[in-house]
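Residue-level structure breakdown
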Amino acid sequence: MNLVLDASAGFELLVHTEAGESLQHKLPFGATWWVPEHYYIEVAAVLRRAELGGKLAQSDTADAFERLHGARGPRRRCHRS
C-alpha cells in the first residue's frame, strides 16, 4: 500500500503527539510512504515554529530533527509532471 504523508501528519508522528499516536495506530504496517519534494523543509519549518512558540523544548526539537533526518523504511518522493 502506498500512502502520501504530508508535513502536518509527519510533524505529529515525529513528536509523538496524541494525534500522531492515534494516526500511527490507524496506519497499515509495511506501507510505502510517498512524500512531496518540499516535505522535509515543511516539517523542519513546523518543528522550528513549535520550538520558537514554546510548544517544544529545544532537546525535543533536536530529537525530532534527528528522527526526520534518519527516517528509515520504504519511502518515495512524489514528483509533479
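Now for a description of the structure that goes with this document.

Definitions and cut-offs
- Residues numbered from 1 in each chain as written.
- Predicted model: local features only at pLDDT ≥ 70, side-chain atom pairs only at ≥ 80, totals over all residues.
- Heavy atoms only, no water.
- Helix = DSSP H or I, 4+ residues; strand = E, 2+ residues; numbered from the N terminus.
- Core = buried A, V, L, I, M, F, W, Y, C linked by side-chain atoms within 4.5 Å.
- Buried < 20%, exposed > 50% of the residue type's maximum accessible area, 1.4 Å probe, protein only.
- Contact = heavy atoms within 4.5 Å.
- Expected span 1.5 Å × (residues − 1).
- Arc of directions from axis to C-beta.

With that out of the way, let us pick up the environment of Trp34. Along the chain, the position of Trp34 falls in strand β2 (residues 32–36). When the C-alpha positions of Trp34 and Val4 are compared, they lie 4.5 Å apart, and in sequence the two are 30 residues distant.

The next subject is the nonpolar core. Among the nonpolar cores identified, the biggest contains 15 residues, and Leu5, Phe11, Val15, Tyr39, Val43, Leu47 and Leu56 are the most heavily contacted of them. In terms of residue count, the dominant contributor to this core is helix α1 (residues 7–14) (five residues). Setting aside anything within four residues of it in sequence, one finds Val43 in contact with Ala7, Leu14 and Leu68.

Helical geometry note: an α-helix holds 3.6 residues per turn, so side chains three or four residues apart project in the same direction. The terminal C-alpha atoms of helix α3 (residues 39–52), which comprises 14 residues, lie 20 Å apart, in line with the 20 Å expected from a rise of 1.5 Å per residue. Burial in α3 covers these residues: Tyr39, Val43, Leu47 and Ala50. With its buried residues spanning 65° around the axis, α3 presents them on a single face. Opposite the packed face of α3, turned more than 90 degrees from it, sit the exposed residues Ile41, Arg48, Arg49 and Leu52. In this structure, the buried residues of α3 make contact with α1, β2 and α4 (58–69). With its phi angle positive at about 80°, Gly54 sits one or two positions after the end of α3.

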